[in-house]
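A look at the structure
Here are the chains, one letter per residue:
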Amino acid sequence: MISLKGVDKHYGDYHALRNINLDVPAGQVVVLLGPSGSGKSTLCRTINRLETIDSGEIRINGELLPEEGKDLARLRSEVGMVFQSFNLFSHMTILENVTLAPRKVRKLSAADAKEKAMGLLERVGIAEHAQKYPAQLSGGQQQRVAIARALAMDPAVMLFDEPTSALDPEMINEVLDVMADLASGGMTMVCVTHEMGFARKVANRILFMAEGSIVEDAKPADFFQNPQTDRAKDFLGKILGH
């Protein structure tokens, strides 16, 4: 479903991604772990070309991700993305936020888009707030709306870039529960997160990154119980030691 071959990315002299080779089959949940600045978010954002790459190739469902143009827009619409910040349109209701892209991009009728949106808002537990504005919702609720909005495009892949890091602790689980539900439904997912419980429980695979490289690629149980590198042991010691 997702394939990266020989991907490199620089910011000036800084080598953010170093020769990334990665294949994610359909239905797999991959969690990216690693210290700050290790390249996790950059890798996540290259998968739908929010970040350009210097060399290598990226394929979504076998199709090469182009640099620009209509084909990029079409492939991008196959990849849903949820960020730290919710990026909801503040002047639109929750329902309007979720129906906008299906109407404009997928050309759904207003009635079909509304029916689909209400089903998704029901799924993430926000249906009763459909006519409210984002500012009237908690952070956890807004993030669940952001997930519903991404799902409204029927993506083949969902990318999550630290979706809970801006939330108060009591709101984190309501978002992780929605993500776990998606995973159990067979969605292909790549998640950057610091939520170790989620990584242990939901991921099929852990990728540990350091200095722009993937240094471990393991099943969660193997990674958490028996990390292979000193970098991973040090990271887990700091994270799990609290």
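Since the structure is predicted, the reported quantities are computational estimates derived from the model, not experimental observations. (Residues numbered from 1 in each chain as written. Predicted model: local features only at pLDDT ≥ 70, side-chain atom pairs only at ≥ 80, totals over all residues. Heavy atoms only, no water.)

1. Focus: the UniProt feature "domain: ABC transporter" (unreviewed entry) in the protein chain
Within this structure's numbering, the places UniProt gives as "domain: ABC transporter" (unreviewed entry) are residues 2–236. Helix makes up 37% of residues 2–236 and strand 26%, whereas the separation of the span's terminal C-alpha atoms amounts to 27 Å. (UniProt positions renumbered as here; feature names shortened; annotations may be inferred. Helix = DSSP H or I, 4+ residues; strand = E, 2+ residues; numbered from the N terminus.)

2. Here's the deal with the packing of aromatic side chains
Within the structure shown, the criterion is met by three aromatic pairs. Taken together, the ring pairs connect Phe208, Phe223, Phe224 and Phe235 into an aromatic cluster. Arg200 extends its terminal NZ or CZ atom over the ring of Phe224, reaching a point 4.4 Å from the ring centre. (Phe/Tyr/Trp six-rings, centres within 6.5 Å; stacked < 30°, edge-to-face > 60°. Lys NZ or Arg CZ within 6 Å of the ring centre and 35° of its normal.)

3. Section: the sheet that holds strand β1 (residues 2–11)
Strand-to-strand pairing in sheets goes through backbone hydrogen bonds, with the strands running parallel or antiparallel. Here we have four strands laid out as an open sheet, ordered β2-β1-β4-β5, and antiparallel in their pairing. Both outer strands of the open sheet, β2 (14–24) and β5 (63–64), are each paired with one neighbouring strand and no more. Two elements, β1 and β2, share seven bridges in a ladder whose sense is antiparallel. Residue Leu4 lies in a different strand from β2, and its bridge partner there is Leu22. (Pairing = 2+ DSSP bridges.)

4. As for the layout of surface pockets
Volume-wise, the largest pocket comes out at about 520 Å³. As for the largest pocket, its lining consists of 20 residues, of which Val79, Met81, Ala101, Arg149 and Met153 are closest to the centre. Listing elements by their share of the lining of the largest pocket, those giving two or more residues are α2 (70–76), β6 (79–82), α3 (94–104) and α5 (139–151). At four residues, α3 tops the list of elements feeding residues into the lining of the largest pocket. Its residues assigned to classes, the lining of the largest pocket comprises twelve nonpolar, five polar and three charged. (1 Å grid on protein atoms, 1.4 Å probe; cavity = no way out; pocket = protein on both sides within 12 Å on 5 of 7 lines; lining within 4 Å. Points joined across faces, edges and corners; volume = space filled by probe spheres on them. Nonpolar A, V, L, I, M, F, W, Y, C, P; charged D, E, K, R; others polar.)

5. Re the packing of α3 against α5
Put simply, α3 and α5 touch, their axes get as near as 8 Å, and they point 25° apart. In terms of their interaxial angle, α3 and α5 are classed as roughly parallel. Once α3 is placed against α5, the crossing between them reads as right-handed. Contact residues: Ile94, Asn97 and Val98 in α3; Val145, Ala148 and Arg149 in α5. A class-by-class count of the residues in the contact of α3 with α5 yields four nonpolar, one polar and one charged. (Axes fitted to C-alpha atoms, helices over the stretch in contact; angles between N-to-C directions. Parallel < 35°, antiparallel > 145°, perpendicular 65-115°, else oblique. Left-handed = near helix turned anticlockwise from the far one by under 90°. Contact = heavy atoms within 4.5 Å.)

6. Structural notes on α5
For an α-helix, 3.6 residues make a turn, and residues three or four places apart therefore share a direction. For α5, spanning 13 residues, the distance from its first C-alpha to its last is 19 Å, which sits close to the expected 18 Å at 1.5 Å a residue. Burial analysis of α5 places twelve of its 13 residues in the buried class, which makes it a mostly covered element. Three or more residues of α5 are buried, namely Gly139, Gly140, Gln141, Gln142, Gln143, Arg144, Val145, Ala146, Ile147, Ala148, Ala150 and Leu151. Against the buried residues of α5 lie β6, α3, α4 (110–123), β7 (157–161) and α6 (169–184). (Expected span 1.5 Å × (residues − 1). Buried < 20%, exposed > 50% of the residue type's maximum accessible area, 1.4 Å probe, protein only.)

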